[in-house]
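Given next are the chains, with one letter for each unit.
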Amino acid sequence: MAHYPYPPAETARLDPFDTTQAAVQYIVFGGDRSTYAFTERVEPGGYGLAEWIPLGYKVLQYAQKTAVYKRGSLVREWPQVEPGPRREQPERVPGVKRKTRPLASPWQIDACGYLTAVPSGERQLLGYDRDEAMEAGALASLTAGTAAVWFVFAVENWH
């Protein structure tokens, strides 16, 4: 798998298939490459990434690591802390104002969800069913040796 040189500090770069770190891990997929994994969340929409990921006609997918499988067996699983795109309007309560995240557009909803990745760089976006994604990760690791399951929680056009 080819990587963008992010995070900037080489000591903060983790192998996307690393299982030694208990901390929640993130990654940014863009085109046919990704960043290295890292533990400090990057805010989608911040153009600070342009220094490491060249602008171009691609969609960036911001993801949180969910699990890693080796030869069909679960090696490590992480709790999901990212809520993903908001898919429906919250119930309105008269007289109560709430701060809410903006409603995601249909293309953003379709581009998010669980994703499996293998060391060769091959990825498959699966949708929002965690059990199905975990099964797909186990199956992918049978042929690739190792597979990671990621939850894509946000996307943005990168051009």
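A brief report on the enclosed structure follows. Keep in mind the model is a prediction, meaning the values are calculated, not measured. (Residues numbered from 1 in each chain as written. Predicted model: local features only at pLDDT ≥ 70, side-chain atom pairs only at ≥ 80, totals over all residues. Heavy atoms only, no water.)

Turning our eyes to something else, we now look at a negative patch on the surface. Negative charge collects at one region of the surface, where Asp129, Asp131, Glu132 and Glu135 lie side by side. Here Glu132 shows up in helix H2 (residues 130-144). (Patch = residues over 30% accessible without salt bridge, like charges linked within 9 Å, V, L, I, M, F, W, Y side chains within 5 Å. Areas by Shrake-Rupley, 256 points an atom, 1.4 Å probe, with all protein chains shown as cover. Salt bridge = Lys/Arg side-chain N within 4 Å of Asp/Glu carboxyl O. Lys, Arg positive; Asp, Glu negative; His and termini not counted. Charge placed at Lys NZ, Arg CZ, Asp CG, Glu CD. Helix = DSSP H or I, 4+ residues; strand = E, 2+ residues; numbered from the N terminus.)

Right, let's talk about the pairing of strand S6 (residues 123-127) for a bit. With 4 bridges joining them, strand S5 (residues 113-117) and S6 adopt antiparallel strand pairing. Across the sheet, Thr116 pairs through a bridge with Gln124, a residue of S6. Connecting S5 to the antiparallel partner S6 that follows it, the hairpin turn spans 5 residues, and Gly121 within it adopts a positive phi of roughly 105°. (Pairing = 2+ DSSP bridges.)

Before going further, it helps to examine the pairing of strand S3 (residues 59-70). With 10 of 12 residues buried, S3 is to be regarded as a mostly interior element. In this sheet, S3 lies alongside strand S1 (residues 26-30) in antiparallel orientation, the contact comprising 5 bridges. Of the residues in S3, the one forming a bridge with Gly30 is Leu60. One ladder, built from 11 bridges, connects S3 with strand S7 (residues 146-157); its direction is antiparallel. Bridge pairing links Ala67 to Val149 in S7. Alignment of S3 against strand S4 (residues 73-77), held across 4 bridges, turns out to be antiparallel. Paired with Tyr69 across the bridge in S4 is Leu74. Between S3 and S4, which pair antiparallel in sequence order, lie 2 residues; one of them, Arg71, sits at a positive phi of approximately 45°. (Buried < 20%, exposed > 50% of the residue type's maximum accessible area, 1.4 Å probe, protein only.)

Relative to the elements of secondary structure, Lys58 occurs in the loop between strand S2 (33-34) and S3. No salt bridge is formed by the buried Lys58; the nearest opposite charge belongs to Asp32, separated by 7.3 Å. Lys58 has contacts with Tyr4, Gly30, Gly31, Ile53, Glu156, Asn157, Trp158 and His159, leaving out every residue within four places of it along the chain. (Contact = heavy atoms within 4.5 Å.)

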